[in-house]
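Spelled out, the chains give:
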Amino acid sequence: MTGKVVLPITFSTSASKKTGRLVFLCTLCVYVLTAGGSMATDIMTYEVTKSMVERQSVAMSYNLFGMEAHRGVDGRYYAPYGIGHAIYSVPFYLVGRTVENVVGSRVGRSESLRKAAVATGSAVVAAASVWLVFSFAWALVGRLAPAVLTALAFGFSTMLWPYSKFGFNAPLATFCVLGGVYGVWVGVRSRKSLMLVCGGVGLGCALLVRHELALVTLPVGLWLLLEYGLDWKRFLKNALIVATPVAMALLVTAYYNLTRFGNPLDTGYLRDATAGFGSIWTGVWGLLVSPGGSVFLYSPLLIFGVWAFIDLARRDGRTAFLFGGVILTLFCFYATLAHWDADRSYGPRYLLPGLAFLCLP
């Protein structure tokens, strides 16, 4: 990276903090006001959240999709997803249940208010993701106008806006990945151990939301090596700080799988014939240029992000390596899936956690 201009980190000021809060509040207002009355939610995650609150269990009340792959060792049925999204949804479920008790359950269909409250959780965490993009952009360039425009571009020119309306885990996964990378980047560049801890927690939470997001730790680890070079002592110390929360999340996931399916590595997908791998070239074609699933059709702004990424690589090659590593890791994994299109989704939903790293340049 010799000869490159490494972008210095810009510390928060009272003006940047106030602007960040305004960005979050304005984005949240738009997300909520444009929800269009949709109460769509991930029914499996909703059932797990409901079971946690009402029965103090993580088992679903019945076999939602009629799949034996979801039957646990105790005969009950479990969702194959990580526990993170269900835990995050608990306070929103409680709010919805409280409102139902106050106004009565005759509003809408059965449990509609609770489902709407859980779906609202996506709007909150999506707006928080926009705030994180603002914070990251501010740390990179130290100017409010570019930071605000970058955040709003991510919030309203990508698939994040549509997914703020539904109760799927894409916005929460985006927030966790973005928060993890931001925390590690700031922690290293500013030499703040607390931010490294926050980064590790973000990466660990990403794993709890979607198991495969543990892959993001690979480019983060390689970037740490680049940053510290031959200073092995600092590298090992800070890598351990980041890795500890991730390791704890791995242990929680292993225990969660063991108690449900009798195997610490079985999330429920190992016996699911519908969750398999296909041709990576089919996935690459579909995610890039297909008329039904191209990420550039659903988020055209990213075309300019590719061009801007080249400029970032000239100015700060190591940060470009970090961003590019996260993007390529997620892209290559999801391109290998048989259902790379995320099955009846609005665009390539699986790629949403990586889109911020094309907006930031």
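Report on the accompanying structure. Because the structure is predicted, anything quoted here is derived from the model rather than measured. (Residues numbered from 1 in each chain as written. Predicted model: local features only at pLDDT ≥ 70, side-chain atom pairs only at ≥ 80, totals over all residues. Heavy atoms only, no water.)

Following both chains from N to C, one finds helix 7 (residues 170–190) and helix 15 (residues 352–359) inclined at 50 degrees, their axes separated by 7 Å at the closest point. Considered as vectors, helix 7 and helix 15 are oriented oblique to each other. The handedness of the crossing between helix 7 and helix 15 comes out as right-handed. For the pair helix 7 and helix 15, contact is made by Ala-170, Pro-171, Ala-173, Thr-174, Val-177, Leu-178 and Val-181 and by Leu-352, Pro-353, Ala-356 and Phe-357, respectively. For the contact of helix 7 with helix 15, the per-class residue count stands at ten nonpolar, one polar and no charged. (Axes fitted to C-alpha atoms, helices over the stretch in contact; angles between N-to-C directions. Helix = DSSP H or I, 4+ residues; strand = E, 2+ residues; numbered from the N terminus. Parallel < 35°, antiparallel > 145°, perpendicular 65-115°, else oblique. Left-handed = near helix turned anticlockwise from the far one by under 90°. Contact = heavy atoms within 4.5 Å. Nonpolar A, V, L, I, M, F, W, Y, C, P; charged D, E, K, R; others polar.)

The next point concerns the nonpolar core. Counting residues in each nonpolar core, the largest one holds 88 residues, and the members touching the most others are Phe-136, Val-184, Trp-185, Phe-323 and Phe-357. It is helix 4 (residues 112–141) that contributes the most residues to this core, 13 residues altogether. Tyr-46, Val-53, Val-90 and Val-118 belong to the second-largest nonpolar core, a separate cluster that totals five residues. (Core = buried A, V, L, I, M, F, W, Y, C linked by side-chain atoms within 4.5 Å. Buried < 20%, exposed > 50% of the residue type's maximum accessible area, 1.4 Å probe, protein only.)

Our next topic: helix 13 (residues 301–315). Owing to its 3.6 residues per turn, the α-helix aligns residues three or four sequence positions apart on the same side. Here helix 13 spans 21 Å end to end across 15 residues, near enough to the 21 Å set by a 1.5 Å rise per residue. The complete set of buried residues in helix 13 reads Leu-302, Gly-305, Ala-308, Phe-309 and Leu-312. Close packing links the buried residues of helix 13 with helix 12 (295–298), helix 14 (317–335) and helix 15. (Expected span 1.5 Å × (residues − 1).)

Bringing the pattern of salt bridges into the picture now. All chains considered together, the criterion is met by twelve salt bridges. One salt bridge connects Arg-234 with Asp-231, and the closest N-O pair in it is separated by 3.9 Å. When its relative accessible area of 29% is taken as the criterion, Asp-231 is described as partly exposed. (Salt bridge = Lys/Arg side-chain N within 4 Å of Asp/Glu carboxyl O.)

Applying the stated criterion across every chain, the model contains zero disulfides. Take Cys-332: it sits in no disulfide, and the sulfur closest to it among the cysteines is that of Cys-359, at 19 Å. There is no disulfide at Cys-359, and the cysteine sulfur nearest it, in Cys-176, is 18 Å away. Judged by relative accessible area, which is 12%, Cys-359 ranks as buried. (Disulfide = S-S within 2.5 Å.)

This part takes up a nonpolar patch on the surface. A surface patch of nonpolar side chains, amounting to about 690 Å² of accessible area, comprises Leu-222, Leu-225, Leu-226, Leu-230, Trp-232, Leu-236 and Phe-321. Listed by contribution, the elements that provide at least two residues to the nonpolar patch are helix 9 (217–228) and helix 10 (232–261). Here Trp-232 shows up in helix 10. The exposure class of Trp-232 is partly exposed, given its relative accessible area of 47%. (Patch = residues over 30% accessible without salt bridge, like charges linked within 9 Å, V, L, I, M, F, W, Y side chains within 5 Å. Areas by Shrake-Rupley, 256 points an atom, 1.4 Å probe, with all protein chains shown as cover.)

On to helix 2 (residues 43–54), then. Here helix 2 contains twelve residues, and its C-alpha end-to-end distance of 16 Å stays within 8% of the 16 Å for a straight helix at 1.5 Å per residue. The buried count for helix 2 comes to nine of twelve residues, which makes it a mostly enclosed element. For helix 2, the full list of buried residues reads Met-44, Thr-45, Tyr-46, Glu-47, Val-48, Thr-49, Lys-50, Ser-51 and Val-53. At its buried positions, helix 2 is contacted by helix 3 (84–103) and helix 4. Once helix 2 ends, the next one or two residues include Gln-56, with phi positive near 50 degrees.

Further remarks concern unusual backbone geometry. The phi torsion at Gln-56 lies on the positive side, around 50 degrees, for a residue other than glycine. Mapped onto the secondary structure, Gln-56 falls in the loop between helix 2 and helix 3. Positioned with a positive phi, Arg-191 is a non-glycine residue whose angle comes to about 60 degrees. Structurally, the position occupied by Arg-191 is in the loop between helix 7 and helix 8 (193–209). Exposure remark for Arg-191: the relative accessible area of 66% places this residue in the exposed category.

Let us look at the packing of helix 14 against helix 15. Packing of helix 14 against helix 15 brings their axes to within 9 Å, and their N-to-C directions diverge by 150 degrees. In terms of their interaxial angle, helix 14 and helix 15 are classed as roughly antiparallel. Seen along the crossing, helix 14 lies across helix 15 with a hand that is left-handed. Two secondary-structure elements touch here, helix 14 through Phe-323, Val-326, Ile-327 and Leu-330 and helix 15 through Pro-353, Gly-354, Phe-357 and Leu-358. Its residues placed into classes, the contact of helix 14 with helix 15 shows seven nonpolar, one polar and no charged.

The subject of this paragraph is a positive patch on the surface. Together, Lys-17, Lys-18, Arg-21 and Lys-192 give the surface a local cluster of positive charge. Position of Lys-18 among the secondary structure elements: in helix 1 (residues 14–33). The exposed category is assigned to Lys-18, whose relative accessible area is 54%. (Lys, Arg positive; Asp, Glu negative; His and termini not counted. Charge placed at Lys NZ, Arg CZ, Asp CG, Glu CD.)

This next bit is on the side chain of Thr-19. By the element assignment, Thr-19 lies in helix 1. With residues near it in sequence (within four places) discarded, Thr-19 still touches Phe-134, Leu-144 and Val-148.

On to the packing of aromatic side chains. How two aromatic rings sit relative to each other is set out by the distance from centre to centre and by the angle between their planes. Going through the model one piece at a time under the given rule, you end up with 18 aromatic pairs. Ring centres of Phe-136 and Phe-323 lie 5.5 Å apart, and the angle between their planes is 90 degrees; this geometry places the pair in the edge-to-face category. Residue Phe-136 is found in helix 4, and its partner Phe-323 is found in helix 14; the two are separated by 187 residues along the sequence. Looking at Phe-136, the relative accessible area reads 0%, which means it is buried. Considering the side-chain rings of Tyr-163 and Phe-168, the 6.5 Å spacing of their centres and the 75 degrees angle between planes classify their relative orientation as edge-to-face. Judged by its relative accessible area of 3%, Tyr-163 is buried. Its relative accessible area of 27% is what places Phe-168 among the partly exposed residues. Three or more aromatic residues joined by ring pairs form one cluster here, namely Phe-136, Tyr-182, Trp-185, Phe-323 and Phe-357. Here Lys-115 stacks its cationic end above the ring of Tyr-46, 5.7 Å away from the centre of that ring. If you follow Arg-349 out to its NZ or CZ, it ends over the ring of Phe-168, 5.4 Å from the centre. (Phe/Tyr/Trp six-rings, centres within 6.5 Å; stacked < 30°, edge-to-face > 60°. Lys NZ or Arg CZ within 6 Å of the ring centre and 35° of its normal.)

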